[in-house]
Each structure stands twice: as C-alpha cells, then as structure tokens.
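For reference, the chains in residue letters:
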Amino acid sequence: MSNQKLTGNIALVTGGTKGIGKAIADQLSAQGATVIVTARNEPELPDHEFIKSNVTNAESVDALAEKIIRKYGKIDILINNAGGLTGPGGGYQTPTDEQWMNEFNFNVLSCIRVDRAFIPSMVAQKSGVVIHITTVSAYKPFHQFNLTYATVKSALNTYSKGLANELASSGVRVNLVSPGIINTEMTELFIENKAKESNTSVEQTTQEFIESAGGIPMGRMASTGEVANVVSFLVSDAASYVTGSNYYVDGGLFPVVQ
Ligand SMILES: NC(=O)c1ccc[n+]([C@@H]2O[C@H](COP(=O)([O-])OP(=O)(O)OC[C@H]3O[C@@H](n4cnc5c(N)ncnc54)[C@H](OP(=O)(O)O)[C@@H]3O)[C@@H](O)[C@H]2O)c1
C-alpha cells in the first residue's frame, strides 16, 4: 500500500511546532498531505509551512483561516492540538477565576474558534476530518495538580461529541484522541528538574511520576509518534465510518472499561 495516502489533502496542525503536534505534522506530511503548522513562535528550523497565530485570540485565528483558505481554497484535515496545563495545582481552593477562564480559553474556546473558522469550508466541500487532542485526565483528574486542566478538557470532549453529531450528515468527521503520559521535551524537563530537586535518578523519578498517575500497565510513557500513529489512522479513509469517538493512547493507564 502506498504511504502517500494523504496526497492532495491540506492539513492544519495547531501547536504543530513541538511535542505531539510536531509528530502529527511530520507524519501527515510523510503521508503526502500539505501541512501548515501554527504556533506563537516560529521554530528556528521550520519543517513545514509556518503561519504565526495565537489560538487564544479570535482575531488571530480568523486571520489564520483567511490566509489558508485564500492560498489553498480549502482545508481537509484540522488537528486541534494546541493546549495544555496552565492552571496551578493545589486543589479546588487554589485557582482563581481568572486562572479557570484562561484554562478554558486555551483548551476549549481555542478549538471552538478554530473549528468555527475552518469547518464551513469542509461542509461546503462535503468532506473533512477534525481531531481534538484531549487527555486521559478528563476522565481521571488529579486534583492535586491538574483540576483546572482536567475539568476543561472534559468540556472539550462533550463539545466534540456534539459537534460530531451535528456534522455527521455533512461528510465531516470529528474525533477525540486522549493521550496518557507522553514523552515530550516538556515532560523530560519536568522529570529532570524533579530528579535534581529530590537528588534521585531520572529513571527513579520517571517511575515515581508514573506511579503517581496510578501506574501504566505498559510500564512506560508513549512517544509522540505513538499518538501521531492514531491520528494518522483517524484522518485516513480507513476510518471513514469513525466519528464521535475517543481514542485512548495511554498504555492502559485508564483503569476501567471506557
Ligand atoms: N504531553 C503530554 O503528556 C500530554 C498528555 C495528554 C494530553 N496532551 C495534550 O496534547 C496537546 C499537545 O501537548 P504537548 O505536550 O505536545 O505540547 P507542547 O510540547 O507544550 O507544545 C505545544 C505547542 O502548542 C503551541 N502553542 C502554545 N500556546 C499556543 C497558543 N496560544 N496559540 C498557538 N499555539 C500555541 C506551542 O508553540 P508556541 O509556544 O511557540 O506557541 C507548541 O507548538 C495538548 O492539547 C495537551 O493538552 C499532552
């Protein structure tokens, strides 16, 4: 089978310059798609067409859509990946109203804005695929450190399901991908710093980190490429009957039947 199965497709990956988004952009491109990545900062060595945009800002997202639709006339694959934990840990008493609103803006409104700007062109061509990158924490919150993030990602999941139903008869598919603990540069840095603070090895700190999340049956974190593999499947024709679904990429971290 040819690995150029996405040739002719225009794909946008938000937050496609680092981490999971970069791995997704690399894979879609390797499969023949024309890939545009967006982020607030241009990477030093861009591997894909880069358009600067801030998904927390409505005007910035509208300008992004205008540039892409003007240049390519369409969008086929939309990967809403930009997001992450911004709020403080410390349980329900700690985050302020503003920190809650920022978390919602970065992880939920960002996707809604991007969807509003691009999906009409998918509906017009009667085809397209939207992926929302969420997290296993939406189902398994850790109140000590990610209550804001887990709560708003669960709102993203509900929104995504409703959107999938709304668009199902228009030829546009919408799915969620829920990573568990992924070995990104940021995760590595976090673990290295923790290891230094507690004067333990990186290996021991990694195991303690995994245990603090309830353990991973596969015993290791995922690579960013392992998340991208699932996204590649979902955007392909092999997933033509898959919409409104949520794919876990967590090595078994989520402990019960989903
Ligand atoms: N890493 C994990 O273990 C993990 C686990 C579960 C779920 N996830 C989810 O996976 C997604 C990606 O996470 P990651 O860890 O791969 O992220 P990351 O390594 O921190 O990369 C984030 C990307 O988003 C861009 N970005 C940040 N703020 C932005 C903004 N306001 N507007 C546009 N782009 C922005 C960043 O570039 P700039 O800074 O230059 O803007 C970068 O390209 C997130 O939705 C996260 O919630 C991650």
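Residues numbered from 1 in each chain as written. Predicted model: local features only at pLDDT ≥ 70, side-chain atom pairs only at ≥ 80, totals over all residues.

## Quick word on the overall build of the protein chain
Scanning the protein chain from terminus to terminus reveals 7 helices and 7 strands. Counting from the amino terminus, helix and strand elements in the protein chain follow one another as β-α-β-β-α-β-α-β-α-β-α-α-α-β. Against the compact-globule benchmark of 18 Å for 258 residues, the protein chain has a radius of gyration of 18 Å, which places it among compact chains. Referenced to the eigenvectors of the C-alpha coordinate spread, the extents of the protein chain come out at roughly 55 × 45 × 40 Å. By the burial criterion, 40% of the 258 residues in the protein chain qualify as buried. (Helix = DSSP H or I, 4+ residues; strand = E, 2+ residues; numbered from the N terminus. Rg over C-alpha atoms; globule rule 2.2 N^0.38 Å. Buried ≥ 20, exposed ≤ 12 C-beta atoms within 10 Å, placed from the backbone.)

## Here we look at the packing of helix H3 (residues 97-125) against helix H4 (residues 147-167)
Where H3 contacts H4, the two axes come as close as 9 Å, and the packing angle between them is 25°. Taken together, the axes of H3 and H4 lie roughly parallel to each other. Both H3 and H4 take part in a crossing whose hand is right-handed. Along its contact with H3, which presents Gln99, Trp100, Glu103, Phe104, Asn107, Val108, Cys111, Ile112 and Asp115, the element H4 presents Thr148, Tyr149, Val152, Lys153, Ala155, Leu156, Tyr159 and Leu163. Across the contact of H3 with H4, the residue classes tally to 11 nonpolar, 3 polar and 3 charged. (Axes fitted to C-alpha atoms, helices over the stretch in contact; angles between N-to-C directions. Parallel < 35°, antiparallel > 145°, perpendicular 65-115°, else oblique. Left-handed = near helix turned anticlockwise from the far one by under 90°. Contact = placed C-beta atoms within 7 Å. Nonpolar A, V, L, I, M, F, W, Y, C, P; charged D, E, K, R; others polar.)

## Observations concerning H3
Here H3 contains 29 residues, and its C-alpha end-to-end distance of 41 Å stays within 8% of the 42 Å for a straight helix at 1.5 Å per residue. Largest kink in H3: about 45°, centred on Asn105. Where H3 terminates, the next one or two residues include Lys126, which has phi positive at roughly 60°. (Expected span 1.5 Å × (residues − 1). Bend = angle between axes of the 7 residues up to and from the residue.)

## Concerning the sheet that holds strand S4 (residues 77-80)
Sheets are built from strands paired through backbone hydrogen bonds, the pairs being either parallel or antiparallel. The 7 strands are arranged S3-S2-S1-S4-S5-S6-S7 in an open sheet whose pairing can be described as parallel. The strands lining the two open edges of the sheet, one partner per strand, are strand S3 (49-52) and strand S7 (246-249). Strand-to-strand twist in this sheet, taken as the mean axis angle between neighbours without regard to direction, amounts to 20°. Relative to S4, strand S1 (residues 10-14) is paired through 3 bridges, and the arrangement is parallel. (Pairing = 2+ DSSP bridges.)

## Side note on the domain arrangement of the protein chain
Taken domain by domain, the protein chain holds domain 1 (10-182 + 223-249) and domain 2 (183-221). The C-alpha centroid of domain 2 is placed 26 Å from the C-alpha centroid of domain 1. Contacts between the two partners involve 8 residues from domain 1 and, on the opposite side, 9 residues from domain 2. (Domains from an automatic or database assignment.)

## Here we look at the site of the ligand
In the region of the ligand, 27 residues are neighbours, and Gly15, Gly19, Ala39, Arg40 and Gly83 sit closest. A total of 3 residues in the shell around the ligand trace back to one element, the largest contributor, which is helix H1 (residues 19-30). Taken together, the residues of the shell around the ligand sort by class into 9 nonpolar, 16 polar and 2 charged. There are two domains that each give the shell around the ligand at least three residues, and those are domain 1 (10-182 + 223-249) and domain 2 (183-221). (Near = placed C-beta within 6 Å.)

## Digging into unusual backbone geometry
Across the chain, the bulk of peptide bonds are trans and the bulk of non-glycine residues have phi less than zero. The phi angle at Lys126 is positive, at roughly 60°, despite the residue not being glycine. Relative to the helices and strands, Lys126 resides in the loop between H3 and strand S5 (128-133). Judged by the 10 C-beta atoms lying within 10 Å of it, Lys126 falls in the exposed class.

## Some words on the environment of Phe145
With respect to the helices and strands, Phe145 occurs in the loop between S5 and H4. Along the primary structure Phe145 and Lys194 are separated by 49 residues, whereas in three dimensions their C-alpha atoms are 14 Å apart.

## Thoughts on the packing of helix H2 (residues 58-72) against H3
Where H2 contacts H3, the axes come no closer than 9 Å and their chain directions differ by 25°. Taken as axis vectors, H2 and H3 run roughly parallel relative to one another. In the packing of H2 onto H3, the handedness of the crossing is right-handed. Between H2 and H3, the contacting residues are Ala58, Val61, Asp62, Ala65 and Ile69 on the first element and Arg113, Val114, Ala117, Phe118 and Ser121 on the second. Across the contact of H2 with H3, the residue classes break down as 7 nonpolar, 1 polar and 2 charged.

## Regarding the pairing of S4
Taking every second residue as pointing to the same face, both faces of S4 are buried, with Ile77 and Ile79 on one and Leu78 and Asn80 on the other. Two elements, S4 and S5, share 4 bridges in a ladder whose sense is parallel. If you follow Asn80 over to S5, its bridge partner there is His132. Handedness of the crossover joining S4 and S5 through H3: right-handed. (Right-handed = clockwise from strand over helix to strand, strands pointing away.)

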